[in-house]
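What follows is each chain in one-letter form.
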Amino acid sequence: MGKILIFGVKEAARLACGYLRNDTCDEPVAYTVTADYLPAERVQDNLPVVPFESVTSSHPPTQHRFLVPMSYQDHNRHRSRIFEQVKALGYAMINYVSPRAIIYPGLKIGENSMILEGCVISPGCVIGNNVMIQAGCVIAHDARIGDHAFLGPGAVLAGLVEVGDYAFLGSGAVVRDQVRLGEGSFIAMGSVVRDNTE
């Protein structure tokens, strides 16, 4: 059981708090955001909201770990910047994998990644750092997902797909087998991708 800090105060952070409370032995102990985003109400979900600028003093990295469950704002770059700042402060970061996902044993997964309920991930897959995989995604065998990517609910990757860093796949997007999505690719909701992207 670990003490977990959650970056953010909006929907993604509050959902992550609920997932951790219900599905893990970890204990969320505070939300944190930069001073310009501090809400007037400094308590949410019975947790304090603390300034990120002083989080190492109030919640030192020797006693706490972090989860940064942010959305795809600025094409995933904002989440990437916070991820790097948290790492620079010396915090270890956790992953969240829903117990209601079907994951083939031996999945390789980086830090600060989330796999939500109803996902199916087949053998041989590799998931990078800071990847958000929303509910109901299907990731077939030997797919590789780069760092800081975001897969919307119900996205489907066929076998041997490669997803570049910072890529975004909207809800229900489908990518055929052996396609490579280049760094920063934006795949709109409901798209069917048959060829490589730059």
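Just above sits the structure.
Below you will find a few notes about this structure. (Residues numbered from 1 in each chain as written. Predicted model: local features only at pLDDT ≥ 70, side-chain atom pairs only at ≥ 80, totals over all residues. Heavy atoms only, no water.)

## Here's the deal with the pattern of salt bridges
Worth spelling out the cut-off: Within this document, salt bridges are pairs made up of a side-chain nitrogen of Lys or Arg and a carboxyl oxygen of Asp or Glu, the two lying within 4 Å of each other. Numbering of helices and strands runs from the N terminus; a helix is a DSSP stretch of H or I covering at least four residues, while a strand is a stretch of E covering at least two. Think of it in three bands: residues with accessible area under 20% of the maximum for their type are buried, residues over 50% are exposed, and the middle band is partly exposed, with areas taken using a 1.4 Å probe on protein chains only.
Per the counting criterion, the structure on display carries eight salt bridges. Between Glu162 and Arg180 there is a salt bridge, with its nearest N and O atoms 3.7 Å apart. Of this pair, Glu162 sits in strand β18 (residues 162-163) while Arg180 sits in strand β21 (residues 180-181), placing them 18 residues apart in sequence. Across the salt bridge formed by Arg176 and Asp177, the nearest N and O atoms sit 3.6 Å from each other. Judged by relative accessible area, Asp177 falls into the partly exposed class, the value being 33%.

## Brief notes about the nonpolar core
Considering soluble globular proteins, one finds that nonpolar side chains tend to be buried as a cluster. Under the convention used in this document: What is meant by a nonpolar core is a set of buried Ala, Val, Leu, Ile, Met, Phe, Trp, Tyr and Cys residues, joined one to another through side-chain atoms within 4.5 Å. Any two residues having at least one pair of non-hydrogen atoms within 4.5 Å are treated as being in contact.
Ile133, Ile139, Ile145, Leu151, Leu157, Val163 and Leu169 are the most contacted members of the largest nonpolar core, which totals 26 residues. Discounting chain neighbours no more than four positions away, the residues touching Leu151 are Met132, Ile133, Gln134, Cys137, Ile139, Ile145, Leu157 and Leu169. Among the nonpolar cores identified, the runner-up in size contains 21 residues, and Ile4, Cys17, Leu38 and Val49 belong to it.

## Quick notes on the pairing of strand β4 (residues 47-51)
Note the following rule: Strand pairing follows a simple DSSP-based rule, namely that at least 2 bridges must link the two strands.
Taken together, the three bridges between strand β2 (residues 27-33) and β4 define a ladder with parallel strand orientation. By the bridge assignment for β4, Val33 is matched with Pro51. Note: strand β3 (residues 43-44) against β4, two bridges, orientation antiparallel. Following the sheet pairing, Val43 is matched in β4 by Pro48.

## Quick notes on the sheet that holds strand β22 (residues 186-187)
Remark on secondary structure: sheet strands pair via backbone hydrogen bonds, oriented parallel or antiparallel. Across the sheet, which stays open at both edges, the six strands sit in the order β7-β10-β13-β16-β19-β22 with parallel pairing between neighbours. Looking at the sheet topology across the chains shown, the edges are occupied by β7 (96-97) and β22. By the bridge criterion, two bridges tie β7 to strand β10 (residues 114-115) in an arrangement that is parallel. By the bridge assignment for β10, Val97 is matched with Ile115.

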